[in-house]
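Okay, here's what each chain looks like letter by letter:
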Amino acid sequence: MTYAITQTCCTDATCVAVCPVNCIHPTPEEPAFGSTEMLYVDPQTCIDCGACADACPVDAIFPVDSLFGAREEYAAINAAYYADRELEPATGPNFHAWGAPSFARSLPSHFAPIRVAVVGTGPAGMYAAEDLLLHTNAEVTLVDRLPVAGGLVRYGVAPDHPGTKGVGETFARFHSHPRVRMHLGVEVGRDVTAEELAAHHDAVIYAVGAGADRRLGIPGEDLPSSIAATSFVSWYNAHPEVAPGAVDLSGAERVVVAGNGNVALDVARLLVTDAASLAGTDIADHALAALRGSAVREVVLLGRRGPKDAACTSSELLALRHLPGVELVVDDHDPRIGPAIGGAVSGSAAAVLRSVRRERVDWSRPPADGRRIVLRFHSAPVEVIGRDDVEGVRVTADGGEARLPAQLFLRAIGYRGLALPGLPFDEASGTVPHEGGRVRGLPGTYVVGWIKRGPSGGIGANRTCAAETVGTLLADAVAGALPSPAHPAKAFGRLVRGRSRQVVDARGLAAIDRAERARGRDGGRPRVKFSTVPELVAAAKGWRRAAS
């Protein structure tokens, strides 16, 4: 029996580090690392020790003989990666070719602990904090503008992907680390300035992600029922900045989504999934209620280019093929679509569509009974039609345009970074200019994650990104290039508490976690999230009431 890596792989390579026989590839040292959708177990080398499954932070690795349903195909997918691939011969007692010892991720023993602030508690920020805490004696200050930690893991991962959310448990063990101070509910630029933050620390790492959505710039885009997919994702994840009533599904039979990346597939899947199957997840209560009363029967995903250029990963597309009670269809409106799917490279997203039914959809008719997702390639939105609400979407078609009747329109064409007060910003890329993570012109200031490299790569990509940034920071520390803090260690806590009464520390975060888990316990759910800032802050103060 061997193991196989499945859909939820985050590619952070934790599994690679623990494998005793070097059977997981590509490794971080190999050129293909970062360009493949996932990592793969070599069935010919795997010795069935299970170390990779124990170490996986997102519950993506299983014994082959336990795979069923949508996961069953991953035994062949893992094996296919090695079919025509030559690997270096295994050597040494652990079958690894060990190089010379390297301690690039540490500080000399005589260094006094440096104080580093990490702004943002999503994957990028927490990988950076983890790196500092595990490899140096640094003291880390965690800052987040929301009164709860988690970032993209809490508010960006779909509720029906609990394995992916599991990486949050890995990060949570650092929240109460003895060298960590936590100040949640503190926004840089609102509660403190970037200059004040820098004056209290040797270095500051900004991991603030890409908080804005991209716009299409077409007529009708601002109609009430035309919204960004980012807002829809935040809505079903109980983000406190999106109102519970922001989405109305009661009158929408057909939804058109611009884009066919993983976020587009997430929203499409949630819209047609049986609400009963989501009742055991951490989906927002208001979203679950809306989905129970939803009229949605069909979701159309628009792709500007052809099947070979689909922006989603093959694993996420494969999951749609196995969605219970939902039909996946390709709109065969363009003569280029069939040949593109038939000639697709094995393992690609387009190849997944070979077994998917193709039909030329008649858009003059209402959605058929049942639920389905329609993939429409070579088609881009040119206008959202309607007076008070969305009534349809005009899209490009072979030789002209077509009108797709719809009652809800979502744009899922990507995220974009926002400028931070006090930091340089590149408007074209939506990122902060940097060199290896070092912000240009601001000694002691660094970036990591999407604000550094743009909105690309999943959760695990941030581990490599953080390693580069932390490596640059440590090199600057050794070179004496970090400015010294102007204030003692505890001064920053006094500063932020003096600016806001809503600051949440590690004990407050633990109280939120306990309260949310308790709310979910009766309904057999992992948690029921608080969906407003006042609710989160009140729950955070619960530990004080319990102690008094």
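Every chain is numbered on its own, with residues counted from 1 as its sequence reads. Only residues with pLDDT of at least 70 get local features here, since the model is predicted, and only at 80 or more are side-chain atom pairs given and counted; chain-wide, interface and lining totals rely on the full set of residues. Side-chain metrics in this entry use all non-hydrogen atoms of the structure; hydrogen atoms and water are not considered.

Draft legend 1. Seen up close, the overall build of the protein. From N to C terminus, the protein includes 21 helices and 23 strands. Computed over the C-alpha atoms, the radius of gyration of the protein is 24 Å, within 12% of the 24 Å expected from 2.2 N^0.38 for a compact globule of 548 residues. For the protein, the spread of C-alpha atoms along the principal axes amounts to about 70 × 60 × 50 Å. Buried residues are those whose accessible area, probed at 1.4 Å on protein chains only, stays under 20% of the maximum for their type, while exposed residues exceed 50% and partly exposed ones sit between those limits. Per-residue burial over the protein gives 53% buried out of 548 residues. Approximately 23700 Å² of the protein is accessible, and the part contributed by carbon and sulfur atoms is 52%. Here the positive residues are Lys and Arg and the negative ones are Asp and Glu; neither His nor the chain ends is included. To locate a charge, take NZ of a lysine, CZ of an arginine, CG of an aspartate or CD of a glutamate. For the protein, the distance from the average position of its 56 positive side-chain charges to the average position of its 61 negative side-chain charges is 5 Å. Helix and strand labels come from DSSP, where a helix needs a run of H or I of at least four residues and a strand needs a run of E of at least two; each type is numbered from the N terminus. Every radius of gyration here is taken over C-alpha atoms, with the globule rule written as 2.2 Å times N^0.38, N being the number of residues. Computed with a 1.4 Å probe, the accessible areas rest on the Shrake-Rupley method; for each residue, only the protein chains presented here act as cover.

Draft legend 2. Seen up close, the pairing of strand β15 (residues 371–376). Counting buried residues along β15, five of its six residues qualify, which places the element largely inside the surrounding structure. When DSSP finds two or more bridges between a pair of strands, those strands are recorded as paired. Two strands pair when backbone bridges link them, and strand β12 (residues 298–302) and β15 are joined in this way by five bridges, in the parallel orientation. Note that in β15 the partner of Glu298 across the bridge is Arg372. In the sheet, strand β13 (residues 326–331) pairs with β15 via five bridges, with the strands oriented parallel. Pairing of Glu327 across the sheet is with Arg372, part of β15.

Draft legend 3. Spotlight on the nonpolar core. By nonpolar core is meant a set of buried Ala, Val, Leu, Ile, Met, Phe, Trp, Tyr and Cys residues that side-chain atoms within 4.5 Å join together. Counting 125 residues, the largest nonpolar core has Ile24 and Tyr236 as its most contacted members. Counting residues in each nonpolar core, the second largest holds 21 residues, with Val188, Ala194, Leu197 and Val432 among its members.

Draft legend 4. Quick peek at the packing of helix α10 (residues 262–272) against helix α13 (residues 314–321). Between α10 and α13, whose axes approach to 10 Å, the crossing angle comes to 20 degrees. Relative to α13, α10 is oriented roughly parallel. Between α10 and α13 lies a crossing whose hand is left-handed. Within the contact between the two elements, α10 uses Asn262, Leu265, Asp266 and Arg269 and α13 uses Glu316, Leu317 and Leu320. Comment: axis = line fitted to C-alpha atoms, over the contacting stretch for helices; angle = value between 0 and 180 degrees taken between N-to-C directions. Any angle that is under 35 degrees is reported as roughly parallel, and any over 145 degrees as roughly antiparallel; angles of 65 to 115 degrees are reported as roughly perpendicular and all others as oblique. If you view the pair so one helix is near and one far, a crossing is left-handed when the near helix is turned anticlockwise from the far one by less than a right angle, and right-handed when it is turned clockwise. Contacts are residue-level and defined by heavy atoms, with any inter-residue pair within 4.5 Å sufficient.

Draft legend 5. Inspection of helix α12 (residues 285–292) at higher detail. Within the span of α12, buried status applies to His286, Ala287, Leu288, Ala290 and Leu291. Structurally, α12 contributes buried residues whose contacts are with α9 (229–236), α10 and α11 (275–278).

Draft legend 6. Structural detail: the packing of aromatic side chains. Only centres within 6.5 Å qualify two rings of Phe, Tyr or Trp (six-membered ring in Trp) as a pair; their planes then separate them into stacked at under 30 degrees, edge-to-face at over 60, and tilted for everything else. Counting across every chain of the model gives six aromatic pairs. Considering the side-chain rings of Tyr81 and Tyr82, the 5.1 Å spacing of their centres and the 85 degrees angle between planes classify their relative orientation as edge-to-face. Like Tyr82, Tyr81 is buried. Both rings, one in Tyr127 and one in Phe171, keep their centres 5.0 Å apart while their planes meet at 85 degrees; by these two values the pair is edge-to-face.

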